[in-house]
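Coordinate analysis (summary)
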Amino acid sequence: ELKVEQNPLFLSMQEGKNYTIYCNYSTTSDRLYWYRQDPGKSLESLFVLLSNGAVKQEGRLMASLDTKARLSTLHITAAVHDLSATYFCAVESGGGADGLTFGKGTHLIIQP
Amino acid sequence: EADIYQTPRYLVIGTGKKITLECSQTMGHDKMYWYQQDPGMELHLIHYSYGVNSTEKGDLSSESTVSRIRTEHFPLTLESARPSHTSQYLCASSELGGMGADTQYFGPGTRLTVL
């Protein structure tokens with residue numbers, strides 16, 4: 001059974017600081033996804049990581065994937081309040097047709 | 001921008017009622033999914049479909065049923081709602097196969113409360 005663990009689950013940080021969210025998964029997977037969810041809203045796709053060593057960046061967010069370690073990171077650089085949200089990583093098992101397994105999410109609060 | 005719609009957005013209903021949550025997408029995606037999410041928690045896959053006339057149960061056992069008569073439409077039905085069904089239900093879709101990433105696009109969700 002595929003398990004996806006995120007760390008930390010809750011994070012309160014100040015604007016301007018850097019931080020990293022970690023996502024570990026238990027079995028071999030081809031693809032890893034990062035989503036953002038604002039309170040009461042749906043999920044917004046942030047990144048799709050397809051191969052070992054993949055790195056993607058969008059603004060102050062950068063995601064990376066190490067398939068050998070079964071680890072993905074989401075790094076936040078010089079955080080701003082607008083990045084406050086819940087961030088989920090999700091993993092797709094082989095075959096790709098049977099949905100995603102999500103982590104519990106990291107609830108991120110960025111304070112001025 | 002993904003075009004996937006869910007209705008109703010909010011529903012409060014009494015125990016024992018039959019309800020159908022609607023999900024439609026205009027992207028021509030073959031794969032569609034239903035996830036259940038309790039407040040502040042992770043999503044759990046309850047149903048998915050590869051295409052017309054295809055339906056499969058997901059990882060989380062659910063008393064709901066789904067149908068896929070048209071590519072763009074993937075409704076979820078609860079025959080007899082109970083308070084334990086209170087949750088948010090998110091519909092998603094993605095393209096089938098291909099070399100690229102099968103990013104799932106999510107609808108706005110239906111927040112269901114069963115009294």
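Refer to the structure above for everything that follows.
Residues numbered from 1 in each chain as written. Chains lettered and ligands numbered in written order. Predicted model: local features only at pLDDT ≥ 70, side-chain atom pairs only at ≥ 80, totals over all residues. Heavy atoms only, no water.

**Let's talk about the state of the cysteines**
The test is simple: When two cysteine sulfur atoms lie within 2.5 Å, the pair is treated as a disulfide. What counts as a helix is a DSSP run of H or I of at least four residues, what counts as a strand is a run of E of at least two, and both are numbered from the N terminus. The cut-offs for exposure are 20% and 50% of the maximum accessible area for each residue type, with area from a 1.4 Å probe on protein chains only; residues under the lower value are buried, those over the upper are exposed, and the others partly exposed.
The final tally for this structure, using the stated rule, is 2 disulfides over all chains. A sulfur-sulfur distance of 2.0 Å marks the disulfide that ties cysteine 23 of chain A to cysteine 89 of chain A. For the disulfide bridge between cysteine 23 of chain A and cysteine 89 of chain A, the dihedral angle about the S-S bond is near 80 degrees, and by the sign convention the bridge is right-handed. Placement of the pair is cysteine 23 of chain A in strand S3 (residues 19–25) and cysteine 89 of chain A in strand S9 (residues 85–92), with a sequence separation of 66 residues. Under the relative-accessibility criterion, cysteine 89 of chain A is labelled buried at 0%. Each sulfur in the disulfide pair cysteine 23 of chain B and cysteine 91 of chain B lies 1.9 Å from the other. Taking the torsion about the S-S bond as the criterion, the cysteine 23 of chain B to cysteine 91 of chain B disulfide, at about -75 degrees, is left-handed.

**Digging into the sheet that holds S3 of chain A**
All names here are of chain A. Note the cut-off: When DSSP finds two or more bridges between two strands, those strands count as paired. Axes here refer to lines fitted to C-alpha atoms; in helices the fit is confined to the stretch in contact. Angles between the N-to-C directions go from 0 to 180 degrees.
Taken in spatial order, the 5 strands make up an open sheet running S1-S3-S8-S7-S6, and their pairing is antiparallel. Both edges of this open sheet fall to strand S1 (4–7) and strand S6 (55–58), since each of them pairs with a single strand only. Strand after strand, the sheet turns through a mean of 15 degrees between neighbouring axes, direction not considered.

**Describing the pattern of salt bridges**
Pairing between side chains of opposite charge can happen when their charged atoms approach one another. Residues and elements named next belong to chain B. For clarity, the threshold we go by: When a carboxyl oxygen of Asp or Glu lies within 4 Å of a side-chain nitrogen of Lys or Arg, that pair is called a salt bridge.
Enumeration according to the criterion identifies 6 salt bridges over all chains in this entry. In this structure, lysine 18 and glutamate 79 form a salt bridge, with 3.9 Å as the shortest nitrogen-oxygen distance. Of this pair, lysine 18 sits in the loop between strand S2 (10–13) and strand S3 (19–25) while glutamate 79 sits in the loop between strand S8 (76–78) and strand S9 (87–94), and the two are 61 residues apart along the sequence.

**Remarks on the packing of aromatic side chains**
Let me state the cut-off plainly: Stacked, edge-to-face and tilted labels apply to pairs of Phe, Tyr and Trp rings (six-membered ring for Trp) whose centres lie within 6.5 Å, assigned for plane angles under 30 degrees, over 60, and everything in between, in that order.
Per the counting criterion, the structure on display carries 9 aromatic pairs over all chains. Judged by centre distance (6.2 Å) and plane angle (85 degrees), the ring pair of phenylalanine 88 of chain A and phenylalanine 102 of chain A falls under edge-to-face. A residue pair is termed long-range when its members are at least 10 positions apart, and phenylalanine 88 of chain A in strand S9 and phenylalanine 102 of chain A in strand S10 (residues 100–102) qualify at 14 residues. Looking at phenylalanine 102 of chain A, the relative accessible area reads 5%, which means it is buried. Note on tyrosine 35 of chain B and phenylalanine 106 of chain B: the rings are 5.5 Å apart at their centroids and 40 degrees apart in plane angle, and the pair reads as tilted. Taken as a pair, tyrosine 35 of chain B in strand S4 (residues 31–37) and phenylalanine 106 of chain B in strand S10 (residues 105–106) lie far apart in primary sequence, 71 residues in all. Just as tyrosine 35 of chain B is buried, phenylalanine 106 of chain B falls in that class too. Taken together, the ring pairs in this structure connect Tyr33, Tyr35, Phe88 and Phe102 of chain A together with Tyr33, Tyr35 and Phe106 of chain B into an aromatic cluster.

**With respect to unusual backbone geometry**
In this structure, the amide linkage connecting asparagine 7 of chain A to the following residue, proline 8 of chain A, adopts the cis form with an omega of 0 degrees. Following the sequence through the fold, proline 8 of chain A ends up in the loop between S1 and strand S2 (10–14). Located in the positive-phi region is alanine 78 of chain A, a residue other than glycine, with phi close to 50 degrees. Counting through the fold element by element, alanine 78 of chain A comes out in the loop between strand S8 (71–76) and S9. For asparagine 53 of chain B, which is not glycine, the phi dihedral falls at a positive 65 degrees. Assignment of secondary structure puts asparagine 53 of chain B in the loop between strand S5 (43–49) and strand S6 (56–57).

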